[in-house]
Amino acid sequence: MDDTLEIDNLAVSESEDELSLEQMIEVIEEAWLNEKFAPEILPHKTEIVELLLGQITHMEEQLQQVSSTDFKKGIHQMELDRLKYLVTSYLRMRLEKIETFFTLILKQEQQRTEKNEEPYLNPNEFEFAQEYEQSIKDHFESIMSFCPNVMDTEAQIISPNVNSMIILKSKKNIEGITVDDGNAENNDLIDLTSGSQILINYNSIASLLKNGDVHLI
Amino acid sequence: MFAEKACNLIKELSRNEGVLPPYNMDLVKEVCTEIKLLDEQNKSDGAAVANESGIANYSNELYPTLRVGVAAVKRNVRCLMAYHYNRLRTLRTMRWEFGSVLPPDVKANLNSNEIEWFSKYSRSLTKYMMSLGDEGLNLGVNLRPPKSLYIEVRCLVDYGKYELSDGTVLLLKKDSRHFLPRSECEELITQGVFQHIV
């Protein structure tokens, strides 16, 4: 995937952003992989998505001006399509997670706001999640309206399996990761060197992943 | 046996994975009646079992009956909710497959609540998509990683004239074959106008 996503200078705008297009693609690719393999929803990357969307529109405009007989046009179009797929797929995966775990995610967001932490959802996603929750609630209420006091709301919460196994690659040297195997007495400690790969349960490294010290593959 | 009908609802779900059978109004109603009867029964049993201060008297002979009754209600409610929830999930998948307009045969199988939910879901989804980027981004396209720029498609219906984004006008006739940019025909494929020839 790496070498196919290179786009030559024609399509890159001379923007004053610190990130070049290539770096942006690297960031979104990593975010996409992380989101794909992590069982729970990760902090949003709205800035980069917005930047990329701007770039995509810009590149599309530029491509319009290239004559359709130009051999290069096809190649650029293909690159553009790949990039679009990357962005849309990333956003779709986030939506899917929001829809599946909406109660839990909204609850956690509430806790984060109370603790003044950065929210994981961006405002638009949050709005979507709330509307989704409301629509599901309304639906259930209309079903159970014949006998209103038997509804068991606690049992409705669907949560991801945060103990699922994932494969990760470390970006720097990290020492002393506690392997959380649910048994508090004999926790193993492991060290990771930069660039090493390991199969581990998600719970143990969730915070490292959110810091960006490791990424999933 | 208690909760047997509710169990049939779940069986119906697992038999029809990925498709939506007609909403089983009769069975749902029967389950609802069972819950209601059981709930009333439980209430009267509960009144008999509890002593003056409202604490259950374990030695009362109705106590086991009450426990079974409560468990049965819980199980029934759970099955009923699972039935409805999973139907919504299927419906949700269909929103991504067919877009905001459902084919009439699917629509005929829904009950009015489900149709209402679908339009609500569709609305929030559109709202979310419109909020992306400067002028909105359709997440319903680019569903698969692009393999090639052009694909071969066969037209399944007499569609008439269709204008491509570069201005060329095509006449789409039934059974005609075209070699088109993938991005141009993705939407027509989901609508069922085109069939992708692999």
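Note that the structure is a prediction, hence the values are computed from the model and not measured.

Chemist: Requested: an account of the pairing of strand β3 (residues 169-172) of chain B, with residues and values cited.
Modeler: Residue and element names in this part refer to chain B. Side chains Leu-170 and Leu-172 of β3 all project onto a buried face; the interleaved residues Val-169 and Leu-171 project onto a face where none is buried. Pairing of strand β2 (residues 160-163) with β3, which is carried by four bridges, proceeds in the antiparallel orientation. Residue pairing in the sheet places Gly-160 in a bridge with Leu-172 of β3.

Chemist: Would you mind going over helix α5 (residues 112-130) of chain B in detail, with residue names and values included?
Modeler: Between its first and last C-alpha, α5 of chain B extends 27 Å over 19 residues, near the 27 Å set by a 1.5 Å rise per residue. Considered for burial, the residues of α5 of chain B that qualify are Glu-114, Trp-117, Phe-118, Tyr-121, Ser-122, Ser-124, Leu-125, Tyr-128 and Met-129 of chain B. Tucked inside the fold, the buried residues of α5 of chain B contact α3 (71-100) and α5 (123-143) of chain A together with α3 (63-98) of chain B.

Chemist: So what about the confidence of the model for chain B? Which residues, and what values?
Modeler: Residues and elements named next belong to chain B. Looking at chain B as a whole, the pLDDT averages 82, with 97% of positions reaching at least 70. By mean pLDDT, helix α6 (residues 182-191) is the weakest element of chain B at 77, and α5 is the strongest at 88. Overall fold confidence (pTM) sits at 0.79, and the ipTM for the predicted complex is 0.75.

Chemist: Go over the packing of aromatic side chains, please, and point to the residues and values.
Modeler: All names here are of chain A. Tallying each qualifying case throughout the model produces 12 aromatic pairs over all chains. Between Trp-32 and Tyr-85, the ring centres sit 6.3 Å apart and the planes meet at 75°, which makes this aromatic pair edge-to-face. Residue Trp-32 is located in helix α1 (residues 21-37), and its partner Tyr-85 is located in helix α3; the two are separated by 53 residues in the primary sequence. Residue classification places Trp-32 among the buried residues on the basis of a relative accessible area of 10%.

Chemist: So what about the interface of chain B and chain A? Which residues, and what values?
Modeler: Bring the parts together and some accessible area is lost; that lost area is often taken as the interface size. Contact with chain B, which involves 42 residues of that partner, is made by 41 residues of chain A. Here chain B meets chain A over a buried area of about 3,900 Å², counting both sides, of which 66% is carbon and sulfur. The interface formed by chain B and chain A holds five salt bridges in total. On the surface where chain B and chain A come into contact, there are 10 residue pairs in polar contact (both at pLDDT 80 or more). Elements represented by at least two residues in the side of chain B that touches chain A include exactly α2 (25-49), α3 and α5 of chain B. Here the side of chain B that touches chain A takes 12 residues from α3 of chain B, the largest share from any one element. Grouping the amino acids of the side of chain B that touches chain A by side-chain chemistry returns 21 nonpolar, eight polar and 13 charged.

Chemist: So what about the environment of Thr-90 of chain B? Which residues, and what values?
Modeler: All names here are of chain B. With respect to the element layout, Thr-90 can be found in helix α3. For Thr-90, a relative accessible area of 15% puts it in the buried group. In this structure, the C-alpha to C-alpha distance between Thr-90 and Thr-33, residues 57 residues apart in sequence, is 26 Å. Ignoring sequence-local partners within four residues, the contact set of Thr-90 consists of Gly-18, Val-19 and Leu-20. Within the structure, Thr-90 has its side chain in polar contact with the backbone oxygen of Asn-86 (distance 2.8 Å).

Chemist: Any details on the UniProt feature "domain: GINS subunit" (unreviewed entry) in chain A? Residues and values, ideally.
Modeler: According to UniProt, the "domain: GINS subunit" (unreviewed entry) feature falls on residues 70-143 of chain A. End C-alpha atoms of residues 70-143 of chain A are separated by 60 Å, and the span's content is 86% helix alongside 0% strand.

Chemist: Lay out the packing of α3 of chain B against α5 of chain B with the relevant residues and their values.
Modeler: Residue and element names in this part refer to chain B. The geometry of α3 relative to α5 is characterised by a closest axis approach of 11 Å and an angle of 45° between their N-to-C directions. With respect to α5, the axis of α3 lies oblique. Regarding α3 and α5, the two cross each other, and that crossing is right-handed. Contacts from Arg-87, Leu-88, Leu-91, Arg-92, Arg-95 and Trp-96 of α3 reach α5 at Glu-114, Trp-117, Phe-118, Tyr-121, Ser-122, Leu-125, Thr-126 and Met-129. Of the residues assigned to the contact of α3 with α5, the class counts are eight nonpolar, two polar and four charged.

Chemist: I'd like a rundown of the domain arrangement of chain A, residues and numbers included.
Modeler: All names here are of chain A. According to the domain assignment, chain A contains domain 1 (1-159) and domain 2 (165-216). Between domain 1 and domain 2, the contact holds 10 residues from the first and eight residues from the second. Each partner contributes to the roughly 760 Å² buried at the junction of domain 1 and domain 2, and carbon and sulfur atoms together form 61% of this total. Our count for the contact surface shared by domain 1 and domain 2 stands at two salt bridges. Between Lys-171 and Glu-30 there is a salt bridge whose closest N-O contact spans 2.8 Å. Remark: the boundary between domain 1 and domain 2 carries five residue pairs in polar contact (both at pLDDT 80 or more).

Criteria and cut-off values
- Residues numbered from 1 in each chain as written.
- Chains lettered and ligands numbered in written order.
- Predicted model: local features only at pLDDT ≥ 70, side-chain atom pairs only at ≥ 80, totals over all residues.
- Heavy atoms only, no water.
- Buried < 20%, exposed > 50% of the residue type's maximum accessible area, 1.4 Å probe, protein only.
- Helix = DSSP H or I, 4+ residues; strand = E, 2+ residues; numbered from the N terminus.
- Pairing = 2+ DSSP bridges.
- Expected span 1.5 Å × (residues − 1).
- Contact = heavy atoms within 4.5 Å.
- pLDDT = per-residue confidence, 0-100.
- Phe/Tyr/Trp six-rings, centres within 6.5 Å; stacked < 30°, edge-to-face > 60°.
- Buried area = accessible area lost by both parts, 1.4 Å probe.
- Salt bridge = Lys/Arg side-chain N within 4 Å of Asp/Glu carboxyl O.
- Polar contact = N/O pair within 3.5 Å; in protein donor to acceptor, adjacent residues only side chain to side chain.
- Nonpolar A, V, L, I, M, F, W, Y, C, P; charged D, E, K, R; others polar.
- UniProt positions renumbered as here; feature names shortened; annotations may be inferred.
- Axes fitted to C-alpha atoms, helices over the stretch in contact; angles between N-to-C directions.
- Parallel < 35°, antiparallel > 145°, perpendicular 65-115°, else oblique.
- Left-handed = near helix turned anticlockwise from the far one by under 90°.
- Domains from an automatic or database assignment.

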